[in-house]
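Working through the structure, step by step
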Amino acid sequence: MNESIIFANASQVVTCAGPGRARRGKELGDARILTDAAVAVDEGRIAGVAPLAELRTRFPSAREIDCRRGVLTPGLVDSHTHGIFGRPRYDEQELRAAGMDYMEIARRGGGIHSSVRDLRQRPEDDLFALAKPRLERLAAFGTTTVEVKSGYGLTLDDELKTLRVIARLQEVLPLRIVPTFLGAHEIPLEYRESSARRQEYVDLVIHEMIPAVASARLARFADVFCETGVYTVDESRAILTAARNAGLMLKLHADELTSSGGAELAASLGAVSADHLAAVSDAGIAALGHASTVATLLPGTMLFLGKTKHAPARKLIEAGVPVALATDFNPGTSPTPNLPLVLMLGVSQLHLSVAEALLGATVNGAAAVGLADSVGQISEGFSADLALFDVQDLREVPYWYGDNRCVASFVMGKPCHTSDLGVF
Ligand SMILES: [Zn+2]
């Protein structure tokens, strides 16, 4: 049954209202905070944002939810996660602390390769059982839309297995899930002995995996890890071009550790997002400034890896690039489900304003997953995806860092997460 609901008595309704597309420049700094507004929901969509008395007149039979002076925001959009994995890789943390870097851990068979070995030997049901509570933890922090990548299978069967798990999670979880095929996450160990073998894997991705994924409609996006020592710009271009021809939208892991031309490639292919960008060059920033590509920044990864070098968020914004923030939730380099924590890092490490950080995880996060026309803002006609925080001012969301102030969230007006308080 589709009932009408009025969300009443919020201290602030932060609408992020505006055009249903990525925001850039000054637009990114305007979160549209209302202090005397309620929100009406009808048929799963936002039906009105107005003073409570007015909404009561317009929707006389609506059920009211008391927001108890909390802050109501659009449901958060986590536009970059690797949420399907087996064993958590906590053992690598001490190796890093002792001075071993990411590439060195990978060369020793750790890193992504250890997650690949682990995932390949797990049955689909086992992976599903592990992933479900992990995604529920993301929802517990206010995330209502989450992009989830494959990429720890690296065989046709194991990539399809991962994507089937994502599809099954969408059936049972209230979260909105956007699936991404990342068969080009790494070169599998068994294909690394020669450049001919390496090319065989690239061909496998292009000629077998992408057609199979596209025909089974198991992914909306394709992504590639373009990085020195992983996929070259030319390999990334070939894979993404094949993916685009198969009807998939494009993402790219670009310029995370070194500047290898990833941002320029993403811009030239019209990728929906270019992600990481901690090492993006000035030429890459300029290229993104002339493109429609969203720059998805992942400061939690840099924090967890103990790095002090962050993506040049202010330079990107000054160049007119729309910026988004995401967790990069994954077992090796960013095992946090806490998107508000990433907002704090956006402010403290990337020098974003609170409004810029929030829009990066709502409107621009939605743009990074191709949903900005229906998700990410509290405006009439948009999906009623909402997050309620037990704070009185938006600026507290990225302030109580590490704490969880999200008390409830809703997708299309239906509960997605409710805290132990259980009052919603
Ligand atoms: Zn990633």
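Refer to the structure above for everything that follows.
In short, a report on the structure. (Residues numbered from 1 in each chain as written. Predicted model: local features only at pLDDT ≥ 70, side-chain atom pairs only at ≥ 80, totals over all residues. Heavy atoms only, no water.)

1. Describing the packing of aromatic side chains
To keep it simple, the criterion reads: Working definition: rings of Phe, Tyr and Trp (its six-membered ring) pair if their centres are within 6.5 Å, and the pair is stacked with planes under 30 degrees apart, edge-to-face with planes over 60 apart, and tilted otherwise. Helix and strand assignments follow DSSP, with helices taken as H or I runs no shorter than four residues and strands as E runs no shorter than two, numbered in order from the N terminus. Exposed residues in this analysis have more than 50% of their type's maximum accessible area, buried residues have under 20%, and partly exposed residues fall in between, with area computed by a 1.4 Å probe over protein chains only. Placement of a positive charge over a ring is assigned whenever Lys NZ or Arg CZ falls within 6 Å of the ring centre and within 35 degrees of the normal to the ring plane.
Enumeration according to the criterion identifies 4 aromatic pairs in this entry. Taking the centre distance of 4.9 Å and the plane angle of 75 degrees together, the rings of Phe-7 and Phe-410 count as edge-to-face. Placement of the pair is Phe-7 in strand β1 (residues 5-8) and Phe-410 in strand β17 (residues 406-411), with a sequence separation of 403 residues. Their ring planes at 55 degrees and their centres at 5.8 Å tell us that Phe-85 and Phe-329 sit as a pair that is tilted. Placement of the pair is Phe-85 in the loop between β8 (76-78) and α2 (91-97) and Phe-329 in the loop between β15 (323-325) and α13 (339-348), with a sequence separation of 244 residues. Here Phe-85 and Phe-329 have matching classes, each one buried. Its end group placed over the ring of Phe-128, Arg-168 keeps NZ or CZ at 4.4 Å from the ring centre. It is Arg-197 that lies over the ring of Tyr-191; its NZ or CZ is 4.3 Å from the centre.

2. Looking at the coordination of the zinc ion
How we decide: The rule for donors is simple: N, O or S, within 2.8 Å of the metal, or within 3.2 Å if the metal is Na, K or Ca. Water isn't counted, so a site may look like it is missing partners.
Protein ligation of the zinc ion involves His-80 (NE2), His-82 (NE2) and His-253 (NE2), the donor distances falling in the range 2.0 to 2.1 Å. Of note, the zinc ion draws all its donor residues from one chain, in the sequence arrangement H-x1-H-x170-H. Of this pair, His-82 sits in the loop between β8 and α2 while His-253 sits in strand β12 (residues 249-254), and the two are 171 residues apart along the sequence. A relative accessible area of 3% places His-82 in the buried class.

3. Description of the sheet that holds β12
Selection criterion: Any two strands with at least two DSSP bridges between them are considered paired. Here an angle of 0 to 180 degrees is reported between the N-to-C directions of two axes, which are lines fitted to C-alpha atoms, with helices fitted over the stretch in contact. Contacts between residues were defined by any pair of non-hydrogen atoms, one from each residue, lying within 4.5 Å.
Pairing in this open sheet of 8 strands is parallel, and the strands run β8-β9-β10-β11-β12-β13-β14-β15 from one edge to the other. In this open sheet, the two strands that pair with only one neighbour each are β8 and β15. Across the sheet, the axes of successive neighbouring strands diverge by a mean angle of 25 degrees, strand direction being ignored. Taken together, the 3 bridges between β8 and strand β9 (residues 143-149) define a ladder with parallel strand orientation. Across the sheet, Val-77 pairs through a bridge with Thr-145, a residue of β9. Packed on one face of the sheet, helix α5 (residues 124-140) meets β8, β9 and β10 (176-184) and runs near 140 degrees to β9.

4. As for the pattern of salt bridges
Selection rule: For this document, the term salt bridge refers to a Lys or Arg side-chain nitrogen within 4 Å of an Asp or Glu carboxyl oxygen.
A complete count under the given rule lists 26 salt bridges for this structure. The partner of Arg-122 in a salt bridge is Asp-126, and the shortest N-O contact between them spans 3.1 Å. Arg-122 sits in the buried class, given a relative accessible area of 17%. Judged by its relative accessible area of 29%, Asp-126 falls in the partly exposed class. Between Lys-149 and Asp-223 there is a salt bridge, with the nearest N and O atoms lying 2.8 Å from each other. In this pair, Lys-149 is assigned in strand β9 and Asp-223 in strand β11 (residues 221-226), connecting sequence segments 74 residues apart. In this structure Asp-223 comes out as buried when scored by relative accessible area, which is 2%. A single network of salt bridges, built from pairs that share partners, joins Glu-124, Asp-125, Arg-164 and Arg-168.

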